[in-house]
Amino acid sequence: MIDAVGNPQSVLLLGGTSEIGLAIVRRLAGGRPIRVVLAGRASGRLDEAVAGLEQGGCAVQTLDFSAVDTGTHAEVVAKAFAGGDIDVAVVAFGVLGDAEVAWQDVDAAVEMATVNYTAAVSVGVALAGQFRTQGHGAIVALSSVAGERVRRSNFVYGSSKAGMDGFYLGLSEALRPSGVRVTVVRPGFVKTRMTAGMSPAPLSVTASDVADVVADAVRNQRELVWAPGPLRAVMSALRHVPRPIFRRLPL
Amino acid sequence: MSAEPAVPRTARPQRLTGFGRTAPTTALVAPISSEADVLAALREPGPRGITARGLGSSYGDPAQNAGGLVLDMTGLDRIHAIDADSGIVTVDAGVSLDALMRAALPFGLWVPVLPGTRQVTVGGAIASDIHGKNHHTAGSFGNHVRSIDLATADGTVHTLTPDGPESDLFWATVGGMGLTGVMLRATVALKRCESAYFVVDTDRTANLDELMELLTDGSDDRYDYSAAWFDTTTTGAALGRAVLTRGSLARRDELPAKLRKAPLKFDAPQLLRFPDVFPNGLANPRTLRAFSELWYRKAPRRQRDAVQNITAFYQVLDVFADWNRVYGKRGFLQYQFLVPMGAEDSFRRIVEKIAASNHASGLNVLKRFGAGNNAPLSFPEAGWTITVDFPIAAGLAELCTELDTLVLDAGGRHYLAKESRTSPAAIRCGYPRLDEWRKVRSAADPAGVFTSDMARRLELV
């Protein structure tokens, strides 16, 4: 159960090696011995994540999870809930890839669309079913400002995030009557392994900054947040910039 | 063949919280107005189980059951019998203490244990084994219960008594947070009274030490009722300055002539219902400091034999309906704990910690408890209890965790009717008879039908 001060007792991370996802789990645990389920592909990085969380006193379970294998999603999610209530589920998997390859290579484009959109939807449907039965809990979906106004420089990624963003905003409405909250998080440029080698955009943040925003959102039952917060105003302005000007902006 | 609906047809999904308005969850709420309704629900409990709910005055989540069934017991509200000679009443579990009091007073009978509000049901009063300002002389509510009719998970109704054949289930139900079954009816022994007024003495103390002295010099036992408001916003020499009010029910001859004509008149109006328009953060350290200053200053330094009605002396906040809305949407939590006699030093350290923190509380109560009862999960025992209200704010979780350590190290515990954020380990530590209670509970409910958000959160069952 999420308690009166917003602390959960169990967290499911889909994308078990996601840097942002793990930072969120650590922040939600806040040093308390909570139950964590990491769903991801078996790897050295997943083992490291388990060891790190166990060191902090958490009871960690891993589930083999592949985003592209949508046929298995319902079963993986059901397994996570079989061990007891899940208070917060974090949908943190995604691929960034090479933006120029992504719009010219069919396989690369389809993979990105599948992981970032189709798989996110598939997982969302499975989570919704479990959470409705449970009557409480929160889903955190990691979207991106790239999906808020899709731009030339990474439009395959941006369009996939735009799709998942829209799905989870809708899911938020659909789950309201059942007492389940959905938070869509739109981070800007986050300095992680995924963005290593890219030059950081203004207002860039770290995984730990995103975790702070998410913990606050879970606590205060927010439906849509930006990381950092001021990006909300920036994106609000950018959304309305006319196309001829927008394409000239160094974004 | 179609299956029977798993829940009563009249059940509707509803978002529920406790009085603190924190941690909302959604459950199917079924209105209950008869024993048959309860037994019907027990036949189809569903995968997420059942919890009974009264007036929702617990601060946290004991009357919530996310994804499951919640029985709204307030419709089971008949007062069956009042025996004016013996003072024994038989009431449905959904009868509020307010209704019981209004019905019993004309017979010269007084509800023997009253909490800070009359808006609780008899079932809730037993489930939380509530206490009042007279705990040091009258004990908790369970001490006055003569029998409970409990519907258990198998659909049978047991009449439990404190020393009958199923006395272990009686005492597991007293303070058992509704987790042993659904209470249908209870018989309670009321206390004889000559008036509905109190004769009250007030003492304002400069600090906590002065207050503790007054409470331990033997004078406390001369009063049936005793509790102090204290200030959590002052430090140093004024740490825990307090207003101690103590009194007893007035005899008819103690009343002024004007009141003597109708000494049993129940004089407790509801003046105001707060609208749900207050922003988060209105109750902040600055406003709470101002409130505390005012509350302290308005009290007389020393006053003897003042005649006061129940609102003035006892249930000040019952004048306002929905006053919890003042804390805004984010809600608040009430932190109530006790430390045993002899742990006065830790007690002082806890008050110091609250005063030094940047979390302020306006409604703070300090009381000396008398001896506890037989119930394994009953909260009161001989010692000191403090209640503070904190608006939910950043850093509050950390402060409360630090307070937990001090409370548990001193051999104390948390009050489950107020609890909304501690750990299962803290409850195990504070209630050493938890396992004994669990054994009785699981014998009565082997399939675990009765559960609640609190039961899940604190791993009670």
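Student: Lay out the overall build of chain B in plain terms, naming residues and giving numbers.
Tutor: The helix and strand tally for chain B stands at 14 helices and 21 strands. Here the C-alpha radius of gyration of chain B, 22 Å, is about what a compact globule of 461 residues would show, namely 23 Å. Along the first, second and third principal axes, the C-alpha set of chain B runs to 75 × 55 × 45 Å. With 461 residues in all, chain B has 59% of them scored as buried. Within chain B, contacts between residues separated by at least 24 positions form 73% of all contacts whose residues are at least 6 apart in sequence. Of the roughly 18,000 Å² of accessible surface on chain B, 53% is carried by carbon and sulfur atoms. Between the centroid of the 51 positive side chains of chain B and the centroid of its 51 negative side chains there is a distance of 6 Å.

Student: Can you tell me about the overall build of chain A, naming the residues and giving the values?
Tutor: For chain A, the count of helices and strands is nine helices and nine strands. Expected size for 251 residues packed as a compact globule is a radius of gyration near 18 Å; at 17 Å, chain A falls within 12% of this value. Counting only C-alpha atoms, chain A reaches 55 × 35 × 35 Å along its principal axes. For chain A, buried positions account for 52% of its 251 residues. Taking contacts inside chain A between residues at least 6 apart in sequence as the whole, the part at least 24 apart equals 72%. Of the roughly 10,900 Å² of accessible surface on chain A, 55% is carried by carbon and sulfur atoms.

Student: If you had to explain the side chain of B:Arg368 to someone new, which residues and values would you point to?
Tutor: All names here are of chain B. Tracing the backbone through its elements, the reader meets Arg368 in strand E19 (residues 365-369). Judged by relative accessible area, Arg368 falls into the buried class, the value being 14%. Of note is the side chain of Arg368, whose polar atom sits 3.1 Å from the side chain of Asp220. Apart from residues no more than four positions distant in its own chain, Arg368 is found in contact with His136, Leu215, Asp220, Asp221, Met341, Gly383 and Trp384.

Student: Could you give me a rundown of the sheet that holds strand E8 (residues 145-151) of chain B, with the residues and numbers involved?
Tutor: Residue and element names in this part refer to chain B. Taken in spatial order, the five strands line up as E5-E6-E10-E8-E9 in an open sheet, and their pairing is antiparallel. Unpaired on one side and paired on the other, strand E5 (79-82) and strand E9 (157-160) mark the two borders of the sheet. Going across the sheet, the axis of each strand differs from the next one's by a mean of 10°, ignoring polarity. With four bridges connecting them, E8 and E9 associate as antiparallel partners. Within E9, the residue paired with Asp149 across the bridge is Thr159. Along the sheet face, helix H1 (residues 35-43) touches E8, E9 and strand E10 (182-189) and points at about 140° away from the line of E10.

Student: Before we move on, could you go through the pattern of salt bridges and cite the residues and values that matter?
Tutor: Residue and element names in this part refer to chain B. Evaluation of the coordinates by the stated rule reveals 42 salt bridges over all chains. Arg21 is paired through a salt bridge with Asp276; the nearest N and O atoms lie 3.2 Å apart. Here Asp276 lies in the loop between strand E15 (272-273) and helix H8 (285-298) and Arg21 lies in the loop between strand E1 (12-16) and strand E2 (25-31), a separation of 255 residues in the sequence. By relative accessible area, which is 18% here, Arg21 ends up buried.

Student: Mind laying out the packing of aromatic side chains, listing which residues take part and the relevant values?
Tutor: All names here are of chain B. Tallied over the full model, the rule gives 26 aromatic pairs over all chains. Taken together, a centroid distance of 5.7 Å and an interplanar angle of 75° make the contact between Trp110 and Phe198 edge-to-face. Taken together, the residues span a long stretch of sequence, with Trp110 in strand E7 (residues 109-110) and Phe198 in strand E12 (residues 198-205) at a distance of 88 residues. Look at Trp110 and you get buried, because its relative accessible area is 0%.

Student: Lay out the nonpolar core in plain terms, naming residues and giving numbers.
Tutor: Judged by nonpolar contacts, the single largest core of 65 residues is most densely connected at B:Trp110 and B:Phe141. In this structure, A:Ile20, A:Ala23, A:Ile24 and A:Val36 belong to the second largest nonpolar core, which totals 38 residues.

Student: I'd like to hear about the environment of A:Met112, residue by residue, with values.
Tutor: Residues and elements named next belong to chain A. Note that Met112 resides in helix H5 (residues 106-134). For the pair Met112 and Val156, spaced 44 residues apart in the sequence, the C-alpha separation amounts to 7.4 Å. In this structure, Met112 is in contact with Val95, Leu96, Gly97, Ala102, Tyr117, Val156, Tyr157 and Ser160, ignoring residues within four places of it in sequence.

Student: Report on unusual backbone geometry, specifying residues and quantitative values.
Tutor: Between A:Ala227 and A:Pro228 the backbone carries a cis peptide bond, its omega angle lying at 0°. One non-glycine residue, B:Arg21, lies in the positive phi region at around 60°. One non-glycine residue, B:Asp305, adopts positive backbone phi at about 55°. Of note, B:Asp305 is situated in strand E16 (residues 302-308). With relative accessibility at 56%, the residue B:Asp305 sits in the exposed group.

Student: Before we move on, could you go through the confidence of the model for chain B and cite the residues and values that matter?
Tutor: Across chain B, the average pLDDT comes to 94, with 98% of residues at 70 or higher. Below a pLDDT of 50 lies the segment residues 1-6 of chain B, which in the model reaches three contacts outside its immediate sequence neighbourhood of four places, other chains included.

Scoring rules and cut-offs
- Residues numbered from 1 in each chain as written.
- Chains lettered and ligands numbered in written order.
- Predicted model: local features only at pLDDT ≥ 70, side-chain atom pairs only at ≥ 80, totals over all residues.
- Heavy atoms only, no water.
- Helix = DSSP H or I, 4+ residues; strand = E, 2+ residues; numbered from the N terminus.
- Rg over C-alpha atoms; globule rule 2.2 N^0.38 Å.
- Buried < 20%, exposed > 50% of the residue type's maximum accessible area, 1.4 Å probe, protein only.
- Contact = heavy atoms within 4.5 Å.
- Areas by Shrake-Rupley, 256 points an atom, 1.4 Å probe, with all protein chains shown as cover.
- Lys, Arg positive; Asp, Glu negative; His and termini not counted.
- Charge placed at Lys NZ, Arg CZ, Asp CG, Glu CD.
- Polar contact = N/O pair within 3.5 Å; in protein donor to acceptor, adjacent residues only side chain to side chain.
- Pairing = 2+ DSSP bridges.
- Axes fitted to C-alpha atoms, helices over the stretch in contact; angles between N-to-C directions.
- Salt bridge = Lys/Arg side-chain N within 4 Å of Asp/Glu carboxyl O.
- Phe/Tyr/Trp six-rings, centres within 6.5 Å; stacked < 30°, edge-to-face > 60°.
- Core = buried A, V, L, I, M, F, W, Y, C linked by side-chain atoms within 4.5 Å.
- pLDDT = per-residue confidence, 0-100.

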